[in-house]
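Architecture at a glance
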Protein chains: 2
Amino acid sequence: MTRGAAQQTAHHTHNHKVCIEDALTTARDLCAERGVQLTPLREKVLQIVWRSHKPVGAYEVLDELARSHKSARPPTVYRALDFLMAEGLIHKIQSLNAYLGCVEAGAPHSGLFLICRKCGATEEIADPKLDAALDQASKRARFRSERRVVEISGLCAQCAA
Amino acid sequence: MTRGAAQQTAHHTHNHKVCIEDALTTARDLCAERGVQLTPLREKVLQIVWRSHKPVGAYEVLDELARSHKSARPPTVYRALDFLMAEGLIHKIQSLNAYLGCVEAGAPHSGLFLICRKCGATEEIADPKLDAALDQASKRARFRSERRVVEISGLCAQCAA
DNA sequence: GAAGCTGATGCTACACTATAACAAAGGCCC
DNA sequence: GGGCCTTTGTTATAGTGTAGCATCAGCTTC
């Protein structure tokens, strides 16, 4: 169900079909457990988001969705994306206005995203030290933290080389 | 020139004129040092952004600017905002598409923003432990970090009470 | 099985955010 | 004065996201 650390990274070369299948299976299981509906439309959107490890814009999703789903309109896509985010199946990358499949759906987590500005590949990382630093900083400011956005742009290992 | 820690926080009550004056003075000095032009237009935009400790949208800036500057249009505002960001005088809050005066202009830093979802007040915090955690995480992933976005939404001390 | 409810989708229009592209104006240098 | 650079003016348009109401399918209750 969960993948090993090596497969969670945004490699330039890997068998991506496995990523997609894993994500869909996890999503179906989670939604079933929670009693929420992963409808064909929502599943299709999830699949589209998972076509790569690059964040994908809502209107890119729409273009792709429209190929198989003539009636697709902006609200169609945004509603599906909102559902998937609410269920923790995808994340929104705020600095790109784009959406990315979550590699650890189900596990409570607030990721750190490493976004390559050259190839677009984006890796989600969980980091206890980061969580601790953020919790500590919030606490010091007597701030009640609810939602986190932590994104780093730069060059991935491959593109920096 | 730099303010004490107490005055950097997004208090609900404080003499905000001091904040604005400090920010403008710092901006003028910095731009003079760097040989870049803090034109009246840019200064006015900076002043508008500094009207509060809440992030302000570009079109809010435009509305305000237009009161004294009839020819103001979207590009007028975005160009000024881009300049101010490039000089490190303001920050963009990505999760709100809004802009906020930088409390520590000039000092190299990558802040953590605590954004109150109720009152909107947003506090910028510098945190060495956070920086360390981010650097370490980037390094582990062999990622060359360039730009950071760290934003936490929630409730500030006053609004949580 | 009709009435009513709920959640999901269809559909039109619109609001909000941001940029492209080119023109004009002003300062500076030679 | 001519050429160059930076800033601002101006029009148009691209990109991102939501409001609001209609419809439809499944489910329940009587």
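Residues numbered from 1 in each chain as written. Chains lettered and ligands numbered in written order. Predicted model: local features only at pLDDT ≥ 70, side-chain atom pairs only at ≥ 80, totals over all residues. Heavy atoms only, no water.

1. Here's the deal with the side chain of Thr76(B)
In this structure, Thr76(B) sits in helix H5 (residues 74-86). Contacts of Thr76(B), omitting those with residues within four sequence positions, involve Leu41(B), Leu65(B) and Ser71(B). (Helix = DSSP H or I, 4+ residues; strand = E, 2+ residues; numbered from the N terminus. Contact = heavy atoms within 4.5 Å.)

2. Some remarks on the relation of the copies chain A and chain B
Once chain A is rotated about the relating axis by 180 degrees and shifted along it by 0.0 Å, it coincides with chain B to within an RMSD of 0.1 Å. The two molecules are tied by a two-fold rotation axis, judged by turn and shift. Closest approach to the rotation axis among the C-alpha atoms of chain A is made by Val150(A), whose C-alpha sits 2.3 Å away. A share of 100% of the interface residues of chain A reappears at the interface of chain B, consistent with the copies meeting face to face through the same patch. (Least-squares fit on C-alpha atoms with pLDDT ≥ 70 in both.)

3. Some points on the protein's contact with DNA strand C
In the vicinity of DNA strand C, 18 residues are found, and the nearest of them are Thr39(A), Ser71(A), Arg79(A), Tyr59(B) and Lys92(B). Taking all atoms of DNA strand C within 4 Å of the protein, the share assigned to sugar and phosphate is 51%. Contact distances for DNA strand C include 3.3 Å between a sugar or linking oxygen and a side-chain N or O atom of Gln37(A). At a separation of 2.6 Å, a base nitrogen of DNA strand C approaches a polar side-chain atom of Tyr59(B). For the surface near DNA strand C, the elements supplying multiple residues, two or more each, are helix H3 (40-49) and helix H5 (74-86) of chain A together with H5 of chain B. Among the elements that make up the surface near DNA strand C, the one with the highest residue count is H5(B) (four residues). (Near = heavy atom within 4 Å. Polar contact = N/O pair within 3.5 Å; in protein donor to acceptor, adjacent residues only side chain to side chain.)

4. A short note on unusual backbone geometry
Peptide bonds are, in most cases, trans, and in most cases residues other than glycine have a negative phi. Phi is positive for Arg142(A), close to 55 degrees, though the residue is something other than glycine. When its relative accessible area of 62% is taken as the criterion, Arg142(A) is described as exposed. For Asn97(B), which is not a glycine, the phi torsion comes out positive at approximately 50 degrees. Following the sequence through the fold, Asn97(B) ends up in the loop between strand E1 (90-93) and strand E2 (98-101). Relative accessible area serves as the criterion here: at 43%, Asn97(B) is assigned to the partly exposed category. (Buried < 20%, exposed > 50% of the residue type's maximum accessible area, 1.4 Å probe, protein only.)

5. Topic: the packing of helix H3 (residues 40-49) of chain B against helix H4 (residues 58-66) of chain B
Residues and elements named next belong to chain B. Relative to each other, H3 and H4 sit at 120 degrees, their axes nearing to 10 Å. The angle between H3 and H4 places the two elements in the oblique class. Here the hand of the crossing between H3 and H4 comes out right-handed. Judged by residue contacts, Leu41, Lys44, Val45, Ile48 and Val49 of H3 engage Val61, Glu64 and Leu65 from H4. The residue makeup of the contact of H3 with H4, split by class, is six nonpolar, no polar and two charged. (Axes fitted to C-alpha atoms, helices over the stretch in contact; angles between N-to-C directions. Parallel < 35°, antiparallel > 145°, perpendicular 65-115°, else oblique. Left-handed = near helix turned anticlockwise from the far one by under 90°. Nonpolar A, V, L, I, M, F, W, Y, C, P; charged D, E, K, R; others polar.)

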